[in-house]
Amino acid sequence: KNNLLEIIDLKTYYPIKGGFLRHTVGHVKAVDNISFTIKNGETLGLVGESGCGKSTTGRTILRLLDATDGKIIFDGKDITNLRGKSLRDIRKDIQMVFQDPYASLNPMQMVGSIVAEPIMNFSNKSLKSLKGEVMELLRKVGLPEDAYYKYAHEFSGGQRQRIGIARALALRPKLIIADEPVSALDVSVQSQVLNLLKELQDEFDLTFLFIAHDLSVVKHMSDRIGVMYLGNIVEIADKEHIYDEPLHPYTQALISAIPVPDPRKKNSRIVLEGDIPSPANPPSGCPFHPRCPKAMAECSLSKPALKEVKSGHSVACHLY
Ligand code: SF4
Ligand code: MG
């Protein structure tokens with residue numbers, strides 16, 4: 001299968017303003033040179049602790065933020081610096097499902113109009129003429145048809161996320177970027193929404209970039225997984241390889257923290273010392289070295305590049 005998305009050496013830095021004149025005194029290296037691809041129909045999970053740059057990656061691909069450097073190739077086209085109409089055209093093909101369905105939907109807007117809005121933004125169709133299409137979308141996300149006439153505030157969190165998903169599907173996008181789509185929901189409805197996303201992926205031929213901090217959620221959803229730490233991808237591989245033979249010491253620590261249901265299979269948890277350093281002032285060498293249980297002398301001196309150590313399994317660590 002072809003690559004739908006190709007990210008090459010992407011950097012997204014935020015300027016830090018300071019001093020009397022509010023000039024730029026430094027940069028937060030939120031995304032610091034990452035590369036990955038997503039094939040058509042595939043789900044890439046992006047996992048890491050809060051502040052690791054995964055949401056910034058998603059927002060940069062959506063072109064809500066400007067890349068500082070690098071390239072975003074979508075469907076064979078360089079979209080890194082598109083503006084105006086050509087950017088608008090691309091926006092039809094890349095949609096987002098947000099973390100918080102309470103904050104991302106207008107509670108006083110009729111659900112029919114919430115879902116129809118993206119189509120109306122790209123055409124001169126009236127709400128009335130879109131009614132059948134919108135009702136079909138509501139049905140596909142598991143909402144009753146009379147939801148059309150209700151307001152977003154009349155729905156629970158899980159149902160609101162279904163509305164958000166219907167809205168994201170309205171333009172028949174190729175890529176959906178889902179940023180923590182279930183982390184604001186009750187555990188009891190999380191798997192329903194995840195299963196819905198999977199069903200829709202098959203039905204609508206969707207490709208997903210699935211961002212989450214919860215490793216069990218990412219495991220459920222992904223074909224491949226990229227692990228981020230401090231703006232870098234430190235390991236990327238098929239899901240099975242990440243969970244069964246994690247290579248990077250940071251991935252090993254994350255995996256070791258997942259609770260095991262079987263008490264006989266004792267998991268020796270690797271507890272990391274210290275806090276995540278600030279991306280405004282990242283450590284020298286390997287960004288993980290101040291916390292790494294396996295750090296060696298060279299780790300503070302040179303930054304390991306992400307390299308493929310087994311077929312399809314890449315890691316950025318001097319151990320390999
Ligand atoms: Fe740890 Fe060194 Fe590997 Fe970084 S490069 S993860 S500090 S062993
Ligand atoms: Mg985030």
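Residues numbered from 1 in each chain as written. Chains lettered and ligands numbered in written order. Predicted model: local features only at pLDDT ≥ 70, side-chain atom pairs only at ≥ 80, totals over all residues.

Under an unreviewed UniProt entry, the protein chain has the name Peptide ABC transporter substrate-binding protein and belongs to Lysinibacillus boronitolerans JCM 21713 = 10a = NBRC 103108. Quoted straight from UniProt, the Sequence similarities (unreviewed entry) entry for the protein chain says "Belongs to the ABC transporter superfamily." (UniProt positions renumbered as here; feature names shortened; annotations may be inferred.)

S.K.: Would you mind showing me how to read the pairing of strand β3 (residues 43–47) here?
M.R.: Two faces belong to every sheet, and in a regular strand the side chains alternate between them. Burial of β3 is extensive: five of the five residues sit out of reach of the surface. Burial of the side chains of β3 extends over both faces: T43, G45 and V47 are buried on one face and L44 and L46 on the other. Bridge count between β3 and strand β8 (residues 207–212): five bridges; the pairing is parallel. Bridging across to β8, T43 finds its partner in F208. Relative to strand β9 (residues 224–229), β3 is paired through four bridges, and the arrangement is parallel. Its bridge partner being in β9, L44 is matched across the sheet by R224. (Buried ≥ 20, exposed ≤ 12 C-beta atoms within 10 Å, placed from the backbone. Helix = DSSP H or I, 4+ residues; strand = E, 2+ residues; numbered from the N terminus. Pairing = 2+ DSSP bridges.)

S.K.: Honestly, helix α1 (residues 54–61) in this entry has me stumped. Any pointers?
M.R.: Since the α-helix turns once every 3.6 residues, residues separated by three or four places project in the same direction. Among the eight residues of α1, seven are classified as buried, and the element is accordingly described as predominantly covered. Downstream of α1 by one or two residues, R63 has phi in the positive range, about 65°.

S.K.: How should the site of ligand 1 be read in this particular structure?
M.R.: Around ligand 1, the structure places 14 residues, and the nearest of them are C286, H289, C292, C299 and C317. Along the lines of polarity and charge, the residues of the shell around ligand 1 split into 10 nonpolar, three polar and one charged. (Near = placed C-beta within 6 Å. Nonpolar A, V, L, I, M, F, W, Y, C, P; charged D, E, K, R; others polar.)

S.K.: Explain the packing of helix α3 (residues 111–121) against helix α4 (residues 131–140) here, please?
M.R.: A pair of packed helices is captured by two measures, namely the crossing angle of their axes and the spacing between those axes. Where α3 meets α4, the axes come as close as 10 Å, and the angle between the chain directions of the two elements is 105°. The angle between the axes of α3 and α4 places the two elements in the roughly perpendicular class. In contact with G112, V115 and A116 of α3, α4 contributes K131, V134, L137 and L138. Across the contact of α3 with α4, the residue classes break down as five nonpolar, one polar and one charged. (Axes fitted to C-alpha atoms, helices over the stretch in contact; angles between N-to-C directions. Parallel < 35°, antiparallel > 145°, perpendicular 65-115°, else oblique. Contact = placed C-beta atoms within 7 Å.)

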